[in-house]
Amino acid sequence: MTRTGDAVLITGAGTGFGLASALRLARRGFRVFATVPDPGQEEGVAAAAAAAGVRLDVLPLDVTDPDSITRAVSAVVEQAGGIYALVNNAGLGLRGFFEDLADDEIRHLFAVNVFGAMAVTRQVLPHLRRARRGRLVFLSSAGGRIGDMTLSGYCSTKFALEGLGESLLLELAPLGIFVSLIEPGVAMTPHFTVNRGWARSAVDPSSPYYGWFVRHERMVDDLLRAGRITADDVGAAVERALTARRPRLRYVVGRGARLMIALHRYLPAETFARLYARFAVRMVTHPRPEAGAGEALDESITRVEAKGNG
């Protein structure tokens, strides 16, 4: 069971799901170490904590830098006397048809989303093992259960996290360490605004997929406007994973995500694949009569740049 003051290390806690989780856990009585890859985010995290009336210990942590990981984990252990939980939230997006994804973009995506999570987990595990208690949480995605158009790279990283989480569940159960995967649908966070993660070639009008990509992005914008998932909803799922007596392996966040995953689970695999592919392909290859493809993407880019410079 959890104890007041148990230390939690959260990666990528500068914005979005990570920051929302940090604030909720701090209100719950945990001592939260909110780590950020960019020192420029520290002030914003401190301001959010002050506004919420909670304490957050803010540390720098780049999940792709082994020395940075060592320093952060050591700081938590020295200051708190141990670690109860690790929330692997740090992650990037990459959007574009697979042929438009460059090797360096894919490798960087995996370096953060997969190998970064593995590296931090490996450094934290000895402390959980010696204590014979603790929690590991991975921020996965509904895209870790179901692949999607323009998300081949991103979904590949989330599928990898799902396999890692399932395997660690078996390895760590005898040690009293629980593992959970959080699987949100699309939510209006910086992941879909200032950090949308368009591949370079995906937004090049000379790409053979450009028109389809633009129409798919318009579909995503529609989902975001209609969606009801918030960062705090995801934070609440993280809180449940850390406080439940026997936490679940998977927490799906959002009605749409729960519906799609349920259909994927209960329909015959080939039937689901045909139905889903038919819907997605029709929506992308048959343009709607509104603004042209180029105009729609120009508007999206303008909105993202405005938010990034605001």
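Scroll up to find the structure this text is about.
A few points on the structure. (Residues numbered from 1 in each chain as written. Predicted model: local features only at pLDDT ≥ 70, side-chain atom pairs only at ≥ 80, totals over all residues. Heavy atoms only, no water.)

The subject of this paragraph is the overall build of the chain. The helix and strand tally for the chain stands at 10 helices and 7 strands. A total of 310 residues make up the chain; the buried ones form 48% of that total. Restricting to contacts in the chain with at least 6 residues of sequence separation, those with at least 24 account for 75%. By element, 55% of the accessible surface of the chain is carried by carbon and sulfur atoms, the whole surface being about 14900 Å². (Helix = DSSP H or I, 4+ residues; strand = E, 2+ residues; numbered from the N terminus. Buried < 20%, exposed > 50% of the residue type's maximum accessible area, 1.4 Å probe, protein only. Contact = heavy atoms within 4.5 Å. Areas by Shrake-Rupley, 256 points an atom, 1.4 Å probe, with all protein chains shown as cover.)

Right, let's get into the nonpolar core. With 35 residues, the main nonpolar core has Leu56, Ile182 and Leu242 as its most contacted residues. Only β1 (7–10), α1 (16–27), β2 (31–36), α2 (42–52), β4 (85–88), β5 (134–139), α7 (231–243) and β7 (250–253) provide two or more residues apiece to this core. When residues of this core are assigned to their parent elements, the largest contribution, 7 residues, is made by α1. Not counting the four nearest positions on each side in its chain, Leu56 is found in contact with Leu19, Ala22, Leu23, Ala26, Val32, Ala34, Val45 and Ala49. Judged by nonpolar contacts, the second largest core, of 31 residues, contains Val63, Val112, Leu175 and Leu249. (Core = buried A, V, L, I, M, F, W, Y, C linked by side-chain atoms within 4.5 Å.)

So, about the sheet that holds β1. Backbone-to-backbone hydrogen bonds join strands into a sheet, with any given pair of strands oriented parallel or antiparallel. Strand order in the open sheet formed by 7 strands is β3-β2-β1-β4-β5-β6-β7, with parallel pairing between adjacent strands. In the strand order of this sheet, the two ends are held by β3 (56–60) and β7, each with one partner. Here the average twist between neighbouring strands, direction ignored, is 20 degrees. Helix-sheet contacts for helix α4 (residues 103–131) involve β4, β5 and β6 (177–184), and the interaxial angle to β5 is about 170 degrees. Packing against the sheet, helix α5 (residues 152–172) makes contact with β5, β6 and β7, and its axis sits at approximately 160 degrees to β6. (Pairing = 2+ DSSP bridges. Axes fitted to C-alpha atoms, helices over the stretch in contact; angles between N-to-C directions.)

With phi around 55 degrees, Arg132 is a residue other than glycine that occupies positive phi space. Backbone geometry at Thr150 places phi at a positive 70 degrees, although glycine is not the residue there. Tracing the backbone shows Thr150 in the loop between β5 and α5. Its relative accessible area of 4% is what places Thr150 among the buried residues.

A word on the packing of α4 against α5. Between α4 and α5, the shortest axis-to-axis distance is 8 Å and the interhelical angle comes to 20 degrees. Considering the angle they form, α4 stands roughly parallel to α5. Seen from above, α4 lies across α5 with right-handed handedness. Taken together, the residues of α5 that come into contact with α4 (itself represented by Leu109, Phe110, Asn113, Val114, Ala117, Met118, Thr121 and Leu125) are Gly153, Tyr154, Ser156, Thr157, Lys158, Ala160, Leu161, Leu164, Leu168 and Leu172. A breakdown of the residues in the contact of α4 with α5 according to their chemical character gives 12 nonpolar, 5 polar and 1 charged. (Parallel < 35°, antiparallel > 145°, perpendicular 65-115°, else oblique. Left-handed = near helix turned anticlockwise from the far one by under 90°. Nonpolar A, V, L, I, M, F, W, Y, C, P; charged D, E, K, R; others polar.)

On to the packing of aromatic side chains. In this structure the tally under the stated criterion is 4 aromatic pairs. Pairing Phe30 with Tyr84 gives two aromatic rings, centres 6.2 Å apart and planes at 20 degrees, and the pair type is stacked. Taken together, the positions of Phe30 in the loop between α1 and β2 and Tyr84 in the loop between α3 (66–80) and β4 put the pair 54 residues apart, joining distant regions of the chain. Accessibility expressed as a relative area gives 7% for Phe30, which makes it buried. On the basis of relative accessible area, Tyr84 is assigned to the buried category, the value being 3%. (Phe/Tyr/Trp six-rings, centres within 6.5 Å; stacked < 30°, edge-to-face > 60°.)

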